[in-house]
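Coordinate analysis (summary)
If you want the building blocks of each chain, they are given just below.
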Amino acid sequence: MTLTGATPHGEVHEPNEFGYKSFSLGEFHFSRDEYFAYVRWPTGHHVMSADAFLRALQRDVAWEFFYGIVNFDGVVGTVNHYGTVDLFAGRYNDAYRRAELDHVENIETPVIKATFAAILSDWTNEGFDPFASPEETGSAFGPKNGDNDAAITRHRVTAQRMVSLPGDEPLRNDDNGHPVNRMFADVDQDEPEVYAEPGFEAEVGSFNLFAYLSRSPVTWNPSVVSVCRESLYCPTTEEYILPIIHGNDRAEWFVQLSDEITWDVEDRDTGRKRAKVVMKAGDVAAMPSDIRHQGYSPKRSMLLVWENASLKIPQLISSGQFPTQPVDF
Amino acid sequence: MAYETRLASLMNYQKGRVDVIDDDPKNYAFSNIFEVASLAKPFEQVAVAKNFEYVLEAVRAEGTSGWRAATHDQSALVLDGQVEFTFKTLADGHPLPDSGSGGVPEEAAGTLMGRVLARRGHLTLLPAGRAYRLASPAPAVVLIQTVAGPDTQFRWAEICQTA
Ligand SMILES: [Fe+2]
């Protein structure tokens with residue numbers, strides 16, 4: 001079956017003996033069995049644990065391919081060109097590049113998004129939540145067993161101005177299905193005292209961001225809570241390992257709000273190790289635009305990811321008009 | 001099992017660090033907001049992050065600030081202490097910098113719009129085109145999401161890990 005008429009296009013194939021469909025996107029082919037996801041392309045093949053593959057796929061789909069590169073691991077991933085997406089194997093891996101075994105296909109965003117969403121839906125079993133921490137979800141493994149479409153199509157928070165303002169993204173509470181997470185039971189839930197004069201309720205606003213984050217049911221999922229022109233506050237709660245290795249096409253900044261994360265930083269294009277960045281509450285660090293990074297959070301932590309959403313930036317940086325590090329001193 | 005969420009404050013913070021394998025730590029502009037605020041004068045706006053024209057400013061709130069305003073929305077996240085924000089309308093035609101916040105004379109701040117009393121973890125809107133003021137009897141720490149403006153202080157060499 002052809003998912004769309006565009007080229008390269010996506011195709012879905014009959015379920016295998018384990019009950020899982022397989023999929024094609026151009027010359028890439030995706031299949032899974034009880035434990036593993038398999039990716040094939042004309043010059044190579046790759047295997048990933050099914051849970052790790054689905055956690056990465058979940059982010060790529062939910063984030064609309066995010067900023068820059070979403071590496072599922074050191075071999076396969078996507079590059080967002082904001083309208084089209086490169087699906088690649090070995091493109092950012094020194095050994096594959098040298099051996100000329102890497103492969104890239106540029107695909108219209110709606111085409112790759114539809115196929116990725118179809119893979120995610122078919123391969124996610126009932127009880128497995130790719131957004132949840134490993135301690136808070138059932139197993140991804142075994143033969144096909146139902147689905148979990150409610151979990152994989154969650155609403156992505158994107159405040160227009162600021163969470164809690166009239167008509168904007170609402171607060172989280174027990175009644176709307178957002179209990180306090182087990183690891184944030186000690187986070188104060190008191191809201192700020194807001195006194196707005198009549199007529200100014202839309203502009204005098206404040207909310208407890210830490211309480212809001214303590215009630216997030218998902219991990220490693222930055223979502224917009226406040227906006228200053230193109231500057232976006234995208235805080236997220238982190239536990240265990242970031243399921244992707246994020247390759248930057250612009251600098252992004254981290255403000256550690258609670259607890260501790262260790263970042264493993266590698267060269268964006270080759271995977272060569274560059275640094276470890278240990279961040280504790282109150283620490284601020286930039287991720288320059290020529291690296292890729294993956295975070296490790298031993299306890300659920302609050303991380304403020306700060307993005308500049310300007311569409312002009314990747315071009316300015318890749319053309320050399322702006323340095324890869326965000327500040328020069 | 002009971003978990004302890006580790007937050008930090010002016011009096012009690014620990015810094016992480018960049019451990020270089022093959023790199024220059026300056027590429028990461030690594031600093032700590034509480035350390036920056038502990039070394040700052042009240043209401044100095046010290047940039048701790050910058051992405052093109054946008055900045056995050058660490059502010060030590062202590063006493064009462066002057067009135068300020070910006071042409072664009074900003075946000076203020078209290079990270080330590082308790083801060084009272086007061087909002088007033090801004091006199092028509094009062095000049096503001098193109099980006100970032102600028103000082104506003106008392107007489108240009110008009111009708112009271114409201115107040116917010118915010119503590120650690122609370123995020124407050126500083127709405128575009130309105131005058132605001134911060135007050136805290138004891139030292140408090142606020143992170144402002146804004147655009148670089150005339151009063152933004154850049155001290156990267158002093159605040160960031162360099163080796
Ligand atoms: Fe990232």
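First things first, this report covers the structure right here in the doc. Given the structure is predicted, the values throughout are model-derived calculations rather than measurements.

Here we take up the overall build of chain A. When its secondary structure is counted, chain A shows 6 helices and 19 strands. Whereas a compact globule of 329 residues would reach a radius of gyration of roughly 20 Å, chain A reaches 20 Å, a difference of no more than 12%. Counting only C-alpha atoms and orienting by the principal axes, one finds that chain A spans roughly 65 × 50 × 40 Å. Total accessible area on chain A stands at roughly 12500 Å², and carbon and sulfur atoms take up 51% of it. On chain A, the mean spot of the 28 positive side-chain charges and the mean spot of the 50 negative ones are 4 Å from each other.

A separate point is the pattern of salt bridges. A full pass over the atoms with the stated rule returns 35 salt bridges over all chains. D174 of chain A is the salt-bridge partner of R215 of chain A, the closest N and O atoms lying 2.8 Å from each other. With R215 of chain A in the loop between helix 5 (209-214) and strand 12 (226-228) and D174 of chain A in the loop between helix 4 (149-152) and strand 10 (193-196), the pair connects residues that are 41 residues apart, well separated along the chain. According to the relative accessible area criterion, R215 of chain A is buried, its value standing at 12%. For D174 of chain A, a relative accessible area of 52% translates into the label exposed. Between E266 of chain A and R292 of chain A there is a salt bridge, with the nearest N and O atoms lying 2.8 Å from each other. With E266 of chain A in strand 16 (residues 260-267) and R292 of chain A in strand 19 (residues 291-308), the pair connects residues that are 26 residues apart, well separated along the chain. Under the relative-accessibility criterion, E266 of chain A is labelled buried at 12%. Here the salt bridges share partners, and the residues they tie into one network are D259, E260, K280 and K299 of chain A together with R6 of chain B.

Here we come to the coordination of the iron ion. Residues and elements named next belong to chain A. Coordination of the iron ion by the protein is provided by H246 (ND1), E252 (OE) and H293 (NE2), with metal-donor distances spanning 1.9 to 2.2 Å. Counting residues between consecutive donors of the iron ion along the chain gives the motif H-x5-E-x40-H. Summarising the burial analysis for this pair, H246 and E252 share the class buried.

What follows covers the sheet that holds strand 3 (residues 28-32) of chain A. Residues and elements named next belong to chain A. Taken together, 5 strands build an open sheet; the order of strands is 1-2-3-4-5 and the sheet is antiparallel. With partners counted over all chains shown, the strands left at the sheet margins are strand 1 (10-13) and strand 5 (44-49), one partner each. The average angle at which neighbouring strand axes cross in this sheet is 15 degrees, direction not considered. Across 4 bridges, strand 1 lies against strand 2 (residues 22-25) in antiparallel orientation. Across the sheet, H13 pairs through a bridge with S22, a residue of strand 2. Where helix 1 (residues 50-62) meets the sheet, its contacts fall on strand 3, strand 4 (36-41) and strand 5, and the angle it forms with strand 5 comes to roughly 95 degrees. Packing against the sheet, helix 3 (residues 109-123) makes contact with strand 1, strand 2, strand 3 and strand 4, and its axis sits at approximately 165 degrees to strand 2.

On the side of chain B, 69 residues touch chain A, which itself brings 72 residues to the contact. Carbon and sulfur atoms make up 59% of the surface buried where chain A meets chain B, a total of about 6200 Å² over both sides. On the surface where chain A and chain B come into contact, there are 8 salt bridges. A salt bridge links R130 of chain B to E203 of chain A; the nearest nitrogen and oxygen atoms lie 2.7 Å apart. Of the residues assigned to the side of chain A that touches chain B, the class counts are 43 nonpolar, 9 polar and 20 charged.

Moving on to the nonpolar core. Residues and elements named next belong to chain A. Ranked by size, the top nonpolar core spans 59 residues in total, and within it F30, F53, F116, W263 and V277 carry the most contacts. Considering each element in turn, this core owes the most residues, 6 residues, to helix 3. Both domains that meet at this core, namely domain 1 (2-152) and domain 2 (169-217 + 219-318), each give it at least three residues. Apart from the residues lying within four places of it in its own chain, the contact partners of F30 are S22, F23, L25, Y38, V39, F53, L87, F116, I119 and W123.

So, how was this worked out
- Residues numbered from 1 in each chain as written.
- Chains lettered and ligands numbered in written order.
- Predicted model: local features only at pLDDT ≥ 70, side-chain atom pairs only at ≥ 80, totals over all residues.
- Heavy atoms only, no water.
- Helix = DSSP H or I, 4+ residues; strand = E, 2+ residues; numbered from the N terminus.
- Rg over C-alpha atoms; globule rule 2.2 N^0.38 Å.
- Areas by Shrake-Rupley, 256 points an atom, 1.4 Å probe, with all protein chains shown as cover.
- Lys, Arg positive; Asp, Glu negative; His and termini not counted.
- Charge placed at Lys NZ, Arg CZ, Asp CG, Glu CD.
- Salt bridge = Lys/Arg side-chain N within 4 Å of Asp/Glu carboxyl O.
- Buried < 20%, exposed > 50% of the residue type's maximum accessible area, 1.4 Å probe, protein only.
- Donors = N, O, S within 2.8 Å, 3.2 Å for Na, K, Ca; no water.
- Pairing = 2+ DSSP bridges.
- Axes fitted to C-alpha atoms, helices over the stretch in contact; angles between N-to-C directions.
- Contact = heavy atoms within 4.5 Å.
- Buried area = accessible area lost by both parts, 1.4 Å probe.
- Nonpolar A, V, L, I, M, F, W, Y, C, P; charged D, E, K, R; others polar.
- Core = buried A, V, L, I, M, F, W, Y, C linked by side-chain atoms within 4.5 Å.
- Domains from an automatic or database assignment.

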